[in-house]
Amino acid sequence: MSLNDTTSSERVHIGFFGNTNAGKSSLVNKVTSQNTALVSEVSGTTTDVVRKAMELLPIGPVMIIDTPGFDDESILGEKRIEITKKALQTVDIAVLVCDATRGKTNTDNNLEQLFKERKIPYITLFNKADLVEKRDTDLFYVSAETGEGVDALKKMLGALAPEKSNKMNIVDSFVKKSDIVVLVTPIDESAPKGRIILPQQNVLRNLLDIGAITIVVQPEELEEALKTLPKKPAAVITDSQVFGFVSKIVPENIPLTSFSILFAKYKGVLDEAVKAVGKIETLKDGDKILVAEGCSHHRQCNDIGTVKIPNWIKKHTGKDIQFEFTSGREFPNDVTEYAIVLHCGGCMITERDVMTRMEKAKAQNIPFTNYGITIAYMNGILKRSIEVFPELYKFI
C-alpha cells in the first residue's frame, strides 16, 4: 500500500487547536507547504474542521486537521466549539496554537485541560513570533509568516507520533506463513462495484504480508473450496452477514470468525463487545438501539446496518425495538436514551475514535457491542466466532 493509498484510519491524525485568529490556518499551511486551510484577515474564517491527507516527514502518512477557534461566544461559535470537541476524538497529537502577541488565555488553558483529560499528547506553541520583541525562554515560539520554528515543530511531532506500521497486524496472532486461510466475501447488491470492501482488502493484504495462502470465495463456493484444499485451513474469515450460512458449512474443527470481529479486536473494543452482547436478552418493547457506522456509504435497500441487523434483532428478541442510525463522524455525546450501542467494525475511523465512542457509552452505563459479535451471538456461535481469541472466553 503506497502512502497515497493509506486509509484515513491508519494515518497519524494531527489536530491544530486554539483561539480565533491565533494563526492556526496559516501555521497549518506552513507546516504542510500547501494552501491546506483558508486564510483571511477576517477573524474566525475557519468555520468547520478542515482535513488534509498527506505525507509529513519524519512521520509519514498523516491527516492534518485544522479546527475553528475555540473562543467564539456567538451562537454559531457554540456549534464551532462542538465541532472542535468532536475533532478531539480522532487526533493522535494535538497542537495548541497560542497568539504570542496576546499570551496564553483561559481558552488555551481549557484546551490543555481537555488534552490531558483525553490523554492526547500535545505541543503548546506561540505563533506570530515575528511580532514580539520580548520572549519567554521557557516557551516555544514559531512564526507562520517567516517559517521560524516550523522545522523544530515537525521534529517534535515526529517524536510524539505513535508507531504506525505499514503492515496492519489484524490476523498475526493466529495465522503464520504458509497457513491456508479462506475468506468468504459475498458479492451482492451491497458490495461496491468492481472492488471489495475495505475490511476484506485489509485482511487480505495482512495475509499476503504474512505469506499465508489465501483463498477468496463467495458463500456459494465455500463448500467446494474446502473440499479441494490440501490441508485444514488455519481459519475461515467471513462477512458477518452470512455467518449463519457459513457456520453450517465449515467443520467445527476449523476456526471461524468474521471481518467485523477482527476489526473490533484491531481497534481495541472486542473485549467490551463480547461482554455487552448478552444485553440483547434484556431488551423490552419500545427500547431503542443506536446503530453506529464509521463510514458514510450509500445505503442499499438490503443494507446490513439499517435493514438486516434490525430485522434479525427483532426476530431474535420478539420485541418491538426502535432503531436510530448514525454514520461517518456523527456520534451523540449523550447515549443514555439507548438500551444498546451497536457499532460496525470501525475500519474507516481511527482506533482513538472507536475507543472514545466505547468509553462514552461505558461512562453512561450503556452496553457497547459490535456487528459481528451480535450476529454470531444471535446465530448461537459466539464462542466459536472468538475461538481465535480464546482469552475472551472468560467474558461469555
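Just so you know, these numbers come straight off a predicted model, no measurement behind them.

The rules we used
Residues numbered from 1 in each chain as written. Predicted model: local features only at pLDDT ≥ 70, side-chain atom pairs only at ≥ 80, totals over all residues. Heavy atoms only, no water. Helix = DSSP H or I, 4+ residues; strand = E, 2+ residues; numbered from the N terminus. Polar contact = N/O pair within 3.5 Å; in protein donor to acceptor, adjacent residues only side chain to side chain. Salt bridge = Lys/Arg side-chain N within 4 Å of Asp/Glu carboxyl O. Buried < 20%, exposed > 50% of the residue type's maximum accessible area, 1.4 Å probe, protein only. Contact = heavy atoms within 4.5 Å. Pairing = 2+ DSSP bridges. Axes fitted to C-alpha atoms, helices over the stretch in contact; angles between N-to-C directions. Phe/Tyr/Trp six-rings, centres within 6.5 Å; stacked < 30°, edge-to-face > 60°. Parallel < 35°, antiparallel > 145°, perpendicular 65-115°, else oblique. Nonpolar A, V, L, I, M, F, W, Y, C, P; charged D, E, K, R; others polar.

Some remarks on the side chain of Lys128
Next, step 1: Looking at the secondary structure, you find Lys128 in the loop between β5 (122-127) and α4 (150-160).
Next, step 2: A distance of 3.1 Å separates a polar atom in the side chain of Lys128 from a polar atom in the side chain of Asp99.

Remarks on the pattern of salt bridges
Next, step 1: Enumeration over the complete set of coordinates arrives at 14 salt bridges.
Next, step 2: Glu10 serves as the salt-bridge partner of Lys267, at 3.9 Å between the closest nitrogen and oxygen. With Lys267 in the loop between α8 (259-266) and α9 (270-276) and Glu10 in the segment before β1 (12-18), this pair connects stretches of sequence that are 257 residues apart. Take Lys267 and Glu10: they sit in the same class, and that class is buried.
Next, step 3: Linking Lys265 and Glu391 is a salt bridge whose minimum nitrogen-to-oxygen distance equals 3.3 Å. Taken together, the residues Lys265 in helix α8 and Glu391 in the segment after α13 (382-385) connect sequence positions 126 residues apart.

Focus on the environment of Lys265
Next, step 1: We classify Lys265 as partly exposed; its relative accessible area is 31%.
Next, step 2: For the pair Lys265 and Val171, spaced 94 residues apart in sequence, the C-alpha separation works out to 9.7 Å.
Next, step 3: Those residues in contact with Lys265 that lie beyond four places of it in its chain are Leu270, Asp271, Phe389 and Glu391.
Next, step 4: Only 3.3 Å separates the side chain of Lys265 from the side chain of Glu391, close enough to count as a polar contact.

Some points on the sheet that holds strand β12 (residues 340-343)
Next, step 1: Here we have four strands laid out as an open sheet, ordered β11-β10-β12-β13, and parallel in their pairing. Only two strands of the sheet have a single partner each, and these edge strands are β11 (322-326) and β13 (368-370). Pairwise comparison of adjacent strand axes, ignoring direction, gives a mean angle of 25° for this sheet.
Next, step 2: With four bridges joining them, strand β10 (residues 288-292) and β12 adopt parallel strand pairing. Within β12, the residue paired with Ile289 across the bridge is Ile340.
Next, step 3: Along the sheet, helix α11 (residues 351-363) contacts β12 and β13; its crossing angle with β13, the most-contacted strand, is approximately 135°.

Re the packing of aromatic side chains
Next, step 1: Using the criterion set out here, one finds five aromatic pairs in the structure.
Next, step 2: For the pair Phe115 and Tyr122, a centre-to-centre distance of 5.3 Å together with 45° between the ring planes defines the contact as tilted.
Next, step 3: With 5.9 Å between their ring centres and 40° between their planes, Phe126 and Tyr141 make a pair best called tilted. You can see Phe126 sitting in strand β5 and its partner Tyr141 sitting in the loop between β5 and α4, a full 15 residues away along the chain. Of the two residues, Phe126 and Tyr141, both sit in the buried class.
Next, step 4: Here the aromatic residues Phe17, Phe115 and Tyr122 are joined through ring pairs into a cluster of three or more.

A word on the sheet that holds strand β2 (residues 50-56)
Next, step 1: Judged by pairing direction, the sheet is mixed, and its five strands sit side by side in the order β2-β3-β1-β4-β5 without closing on themselves. This sheet does not close on itself; its edge strands, each paired only once, are β2 and β5. Looking at each pair of strands side by side, their axes are set apart by 25° on average, direction ignored.
Next, step 2: Where β2 lies against strand β3 (residues 60-66), seven bridges are found, and the strand directions are antiparallel.

A look at the packing of helix α1 (residues 24-32) against α4
Next, step 1: Across the interface, α1 lies against α4 with an axial gap of 10 Å and an inter-helix angle of 80°. The angle between α1 and α4 places the two elements in the roughly perpendicular class. Residue-level inspection shows Leu27, Lys30 and Val31 of α1 in contact with α4, the latter providing Val150, Leu153 and Lys154.
Next, step 2: Looking at the contact of α1 with α4 residue by residue, the classes come out as four nonpolar, no polar and two charged.

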